[in-house]
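# Notes for the structure review
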Amino acid sequence: MNDTIQVFNNHAMGVVTQEQIDALCPAAKEAVQTLEQGTGEGSDFLGWLHLPSGIDEATLASIESCARQLRTDCDYVVAIGIGGSYLGAKAVIEALNDAFAAYKPAAGAKVLFAGNNIGEDYIHDLMDLLDGKRFGIVVISKSGTTTEPAIAFRLLKEMLERQQGKEFAARHTVAITDAARGALRSLATEEGYQTYVIPDNVGGRFSVLTPVGLLPIAVAGFDIRALVAGAVEMERAGDDLTIRYAATRNALYRAGKKIEILVNFDPRLHFLAEWWKQLYGESEGKDHLGIFPASVDFTTDLHSMGQWIQDGERTIFETVLSVGDQKHSVVIPSDAADLDGLNYIAGRRVDEVNKMAELGTRLAHVDGGVPNLLITIPALTERYLGQLIYFFERACGISGYVLGVNPFNQPGVEAYKKNMFALLNKPGYEAQSAAIQARLKG
Ligand code: PA5
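Quick look at the structure, then. Sequence order sets the numbering: in each chain, residues are counted from 1 along the sequence as written. Selection of residues for local features in this predicted model requires a pLDDT of at least 70, selection of side-chain atom pairs for listing and counting requires 80 or more, and totals for whole chains, interfaces and linings are taken over all residues. Processing note: side-chain calculations cover all non-hydrogen atoms of the structure and skip hydrogens and water entirely.

### Remarks on the site of the ligand
We call a residue near a molecule or strand whenever a single non-hydrogen atom of that residue lies within 4 Å of it. Surveying the vicinity of the ligand reveals 13 residues, the closest of which are Ser85, Ser141, Ser143, Thr146 and Gln278. Two N or O atoms form a polar contact when they lie within 3.5 Å of each other; inside protein one atom must be a possible hydrogen donor and the other a possible acceptor, and for residues adjacent in sequence the pair counts only when both atoms belong to side chains. At a separation of 2.9 Å, an oxygen atom of the ligand approaches a polar backbone atom of Gly84. Side-chain polar atom of Gln278 to an oxygen atom of the ligand: 2.6 Å apart, as the coordinates give it. Ten residue types, Ala, Val, Leu, Ile, Met, Phe, Trp, Tyr, Cys and Pro, are classed as nonpolar, four, Asp, Glu, Lys and Arg, as charged, and the remainder, Gly among them, as polar. Its residues assigned to classes, the shell around the ligand shows one nonpolar, nine polar and three charged.

And the structure:
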């Protein structure tokens, strides 16, 4: 068994040739130099590049100790954040957790998430669950001004103070934000919360290996040192895998494959795909360019999206995340009557069936004109997830430069906010408000 993740592109051939992929390798190698030398667009946001190897012992020990305290003192810890201040932690926790952790007794606090939507019933139901419980809050916002987490924090802060008293609330609220700027920083200083800093030069979607991701992951009881160690391995692994992935997906894009579907055959990877979608979507989707990142959970979605993928418009390619070992073994029993006709797989593991579904699907989709990249992950452990996270981050920087965009900004994210603020009559938005009202009337 390989001791690292691997990337294979042999099933992408046909739609593109090895020569077409090779033709992009010089650009990908140049992108590596541009990243390493910090000479490209967005170079103010390259703090993630050598972040894994730069995390010091004191930071890890402090995060672990803070997490221990929250795990011991609280029934629940609510991680409040959105986008890059949410998806990395959610992805890693879901990938490592017992699938039914939410319904089983836990040794320490359970991690819940809020501030990643503005659903009124969602926040109501969360507050209902927290009613009478000892809970803590990890509030995460780099800008410290994002509306969704700010609303959730205002509500939960008020509830925690009312329920447990101001002193408990202050001792069990941790703020992760900019070193000096933003409303959350001022509030944390005023209330005396423990704080961690999101470095200026690390953008939200590249921040999972900072306290943004590490603290909630540690609160959930997982080994952040192994996660970071896995990322360090990839940081030091050279760029064979990242260039292979970046060059192949750009070659496919140029050949008309405008949509990349990240496929998993393990439900624990659902949120890893959500994290990946943000990473690639916000990094590459600009200047009217960029592969549209989509995702499916197989075999579940073979019964919903399978038809489209097999037979619909041929503008897609797939990147399959293939997990080697499961943690547990479940064998399909034999049945004397065999009324369901399943005795032909009796005595075999459920995972063997899943693996054959995976292989069968990949071959069918390649036959149907869907090129296929394969990323193998030996097992869902902290170490391999660390490798995968750093691999995707680095390949994203390379791929964005090969595409010709600045992978480290996200100007388009502001458009909806301006309209929302104008519609809500936020002070300072009077002119936009009048213009929107006129437009809606007209
Ligand atoms: O990647 C990004 O920069 C964004 O998706 C942010 O993570 C997201 O908008 C949340 O921002 P903030 O952490 O400032 O609340």
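### As for a nonpolar patch on the surface
Two joining distances apply to patches: 9 Å for like charges and 5 Å for nonpolar side chains (Val, Leu, Ile, Met, Phe, Trp, Tyr), and every residue must have over 30% relative accessible area and no salt bridge. Under the convention used here, a 1.4 Å probe and the Shrake-Rupley method define accessible areas, while residue burial counts only the protein chains that appear. Salt bridge, as applied in this entry: a Lys or Arg side-chain nitrogen positioned within 4 Å of an Asp or Glu carboxyl oxygen. A contiguous nonpolar surface patch, about 240 Å² in accessible area, is contributed by Ile118, Ile151 and Leu155. Helix and strand assignments come from DSSP, with helices taken as H or I runs of at least 4 residues and strands as E runs of at least 2, each series counted from the N terminus. Within the element layout of this structure, Ile118 appears in the loop between strand 3 (110-114) and helix 5 (120-130).

### Overview of the sheet that holds strand 5 (residues 173-177)
By this definition, two strands are paired if DSSP reports at least two bridges between them. Strands sit in the order 3-2-4-5-6 across an open sheet of five strands; the sheet is parallel. The strands lining the two open edges of the sheet, one partner per strand, are strand 3 and strand 6 (194-197). Recorded for the sheet is a direction-independent mean angle of 20° between the axes of neighbouring strands. The pairing of strand 5 with strand 6 spans four bridges and is parallel. Looking across to strand 6, one finds that Ala175 is bridged to Thr195. Sitting on the sheet, helix 9 (residues 211-219) is in contact with strand 2 (76-80), strand 3, strand 4 (135-141), strand 5 and strand 6, with an inclination near 155° to strand 5. Angles here are taken between N-to-C directions and fall from 0 to 180 degrees, while the axes themselves are lines fitted to C-alpha atoms, restricted in helices to the stretch in contact. The contact rule is simple, with two residues in contact once any of their heavy atoms fall within 4.5 Å.

### Let's talk about a negative patch on the surface
Charged residues are defined here as Lys and Arg on the positive side and Asp and Glu on the negative side; His and the ends of the chain fall outside this count. The location of each charge is read from NZ of Lys, CZ of Arg, CG of Asp or CD of Glu. Together, Glu120, Asp121, Asp125, Asp128 and Asp131 make up a negatively charged patch on the protein surface. Structurally, Asp128 is set in helix 5.

### Observations regarding helix 11 (residues 240-254)
Under the 1.5 Å per step criterion, the end-to-end length of helix 11 is 21 Å for 15 residues, consistent within 8% with the ideal 21 Å. Any residue under 20% of the maximum accessible area for its type is buried, any over 50% is exposed, and the rest in between are partly exposed; the area is computed with a 1.4 Å probe on protein chains only. For helix 11, the tally of buried residues reaches 12 of 15 residues, placing the bulk of the element in the interior. Residues Leu241, Thr242, Ile243, Tyr245, Ala246, Ala247, Thr248, Arg249, Asn250, Ala251, Leu252 and Tyr253 constitute the buried set of helix 11. In the stretch just after helix 11, Gly256 is the one whose phi turns positive, near 100°. Expected helix span is taken as 1.5 Å per residue step, with the number of steps being one fewer than the number of residues.

### Quick look at helix 10 (residues 224-235)
Taking 1.5 Å of rise per residue, 12 residues should cover 16 Å, and helix 10 covers 16 Å from first to last C-alpha, within 8% of that figure. Most of helix 10 sits inside the fold, with nine of its 12 residues counted as buried. Residues of helix 10 that are buried include every one of Ile224, Ala226, Leu227, Val228, Gly230, Ala231, Val232, Met234 and Glu235, and no others.

### Description of the pattern of salt bridges
Tallied over the full model, the rule gives 25 salt bridges. Arg383 is paired through a salt bridge with Asp3; the nearest N and O atoms lie 3.0 Å apart. Separated by 380 residues along the polypeptide, Arg383 in helix 15 (residues 382-403) and Asp3 in the segment before strand 1 (6-8) bring together distant segments of the chain. The exposure class assigned to Asp3 is partly exposed, which follows from its relative accessible area of 42%. Notably, a salt bridge pairs Glu57 with Arg225, separated by 2.7 Å at the nearest N-O pair. Taken together, the residues Glu57 in helix 3 (residues 57-73) and Arg225 in helix 10 connect sequence positions 168 residues apart. By relative accessible area, which is 49% here, Glu57 ends up partly exposed.

### Considerations on the packing of aromatic side chains
Stacked, tilted and edge-to-face are the three classes applied to pairs of Phe, Tyr and Trp rings, where Trp contributes its six-membered ring and a pair requires centres within 6.5 Å; stacked means planes under 30 degrees apart, edge-to-face means over 60, and tilted covers the rest. Taken as a whole and assessed by the stated rule, the structure comprises 18 aromatic pairs. Aromatic side chains Tyr86 and Phe113 sit 5.5 Å apart centroid to centroid with 65° between the ring planes, which places their arrangement in the edge-to-face category. Highlighted residues: Tyr86 in the loop between strand 2 and helix 4 (87-96) and Phe113 in strand 3, separated in sequence by 27 residues. An identical accessibility class is assigned to Tyr86 and Phe113; each is buried.

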